[in-house]
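One-letter residues, chain by chain:
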Amino acid sequence: MPGLFAVDGKTVLVTGGSRGIGLMIAQGFAEAGAHVIVSSRKAEVCQAVAERLSAVGTCEAIPADLSTVEGAGRLAERVLARHDRLDVLVNNAGATWGAPLEAYPESAFDKLWAVNVKAVFTLTTALLPALRASASADDPARVINIGSIDGIRVPWMEVYAYSATKAAVHMLTRSLAHQLAPERITVNAIAPGPFESKMMAFALDDPSARATIEHQVPLGRIGRPDDMAGAAIFLASRAGSYLTGAVIPVDGGITTHG
């Protein structure tokens, strides 16, 4: 079955692509022969990552701050100015906030709703012209949203706004999938478990806490870059072309606990 998982030649935009899960996905696509656009808030970091990934593939940087509707709109405008077709949009940029229940600030909900949910909706709708230009019955355009297992089951930590917004991402994924299927655009979500990222560094950098987390993962380990890149490439390839509206836990089996 040659080419079943091929993504070479596809144009892929990865938001929050300069570190963590976004970087894992961006590097995987670059190594697989896709033309990758990485976007992140800090221009110098974004450019440095694009230069590094250009050593293993094709990558360009388009910095953007997705915390506002205007920022998401500007990113879409810059992408559309450079590319009339977009094969894959990976909505990965996100934020978290942890605090005890009675100290949890209202501002956390405002910030996380803007970045984790509104930016996904705004950027996806703004880039529909490029996604439509790429879409076909045999090879749909793809939108891949990064949710979280914290939007599926009650999280271990007090991250009320984060888990609520990630659950919203999962429902938004299903709604967009239903709406865009007739246009040959698939929309799916990946719900990661523990991976090496800035969000998880406070726990994974501590040997004792890391061991505790690993013990709670049925497969007994923290996620690796290939685990995340592999899931995204599957969804973007011919192998994933008949899948839409799915939320796929990539979590080592954590959600099997319920």
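These figures come from a predicted structure and were not determined experimentally.

1. A short note on the packing of helix α4 (residues 106-126) against helix α6 (residues 160-180)
To characterise two packed helices, one gives the angle between the axes of the helices and the distance between these axes.
For step 1, the next point in the chain: Closest axis-to-axis distance for the α4/α6 pair is 9 Å, and the angle between their directions is 20°. By the criterion of interaxial angle, the relationship of α4 to α6 is roughly parallel. As for the relative orientation of α4 and α6, their crossing is right-handed in sense. Seen from α4, the contacting residues are Ala108, Phe109, Leu112, Trp113, Asn116, Val117, Val120, Phe121 and Thr124; seen from α6, they are Tyr160, Ala161, Tyr162, Thr165, Lys166, Ala168, Val169, Leu172 and Leu176.
For step 2, the next point in the chain: Among the residues forming the contact of α4 with α6, the class breakdown is 14 nonpolar, 3 polar and 1 charged.

2. Notes on the environment of Gly9
For step 1, the next point in the chain: Along the chain, Gly9 turns up in the segment before β1 (11-15).
For step 2, the next point in the chain: With relative accessibility at 60%, the residue Gly9 sits in the exposed group.
For step 3, the next point in the chain: With sequence-adjacent residues up to four places away left out, Gly9 is seen in contact with Gly33, Ala34 and Asp87.

3. Considering the pattern of salt bridges
For step 1, the next point in the chain: Inspection of every chain in the model, using the stated rule, returns 8 salt bridges.
For step 2, the next point in the chain: Residue Arg142 is joined to Asp139 by a salt bridge in which the shortest nitrogen-to-oxygen separation is 2.9 Å.
For step 3, the next point in the chain: Note on Asp139: relative accessible area 30%, which makes it partly exposed.
For step 4, the next point in the chain: Salt bridges linked by common partners bring Lys10, Asp139 and Arg142 together as one network.

Basis of the calculations
- Residues numbered from 1 in each chain as written.
- Predicted model: local features only at pLDDT ≥ 70, side-chain atom pairs only at ≥ 80, totals over all residues.
- Heavy atoms only, no water.
- Axes fitted to C-alpha atoms, helices over the stretch in contact; angles between N-to-C directions.
- Helix = DSSP H or I, 4+ residues; strand = E, 2+ residues; numbered from the N terminus.
- Parallel < 35°, antiparallel > 145°, perpendicular 65-115°, else oblique.
- Left-handed = near helix turned anticlockwise from the far one by under 90°.
- Contact = heavy atoms within 4.5 Å.
- Nonpolar A, V, L, I, M, F, W, Y, C, P; charged D, E, K, R; others polar.
- Buried < 20%, exposed > 50% of the residue type's maximum accessible area, 1.4 Å probe, protein only.
- Salt bridge = Lys/Arg side-chain N within 4 Å of Asp/Glu carboxyl O.

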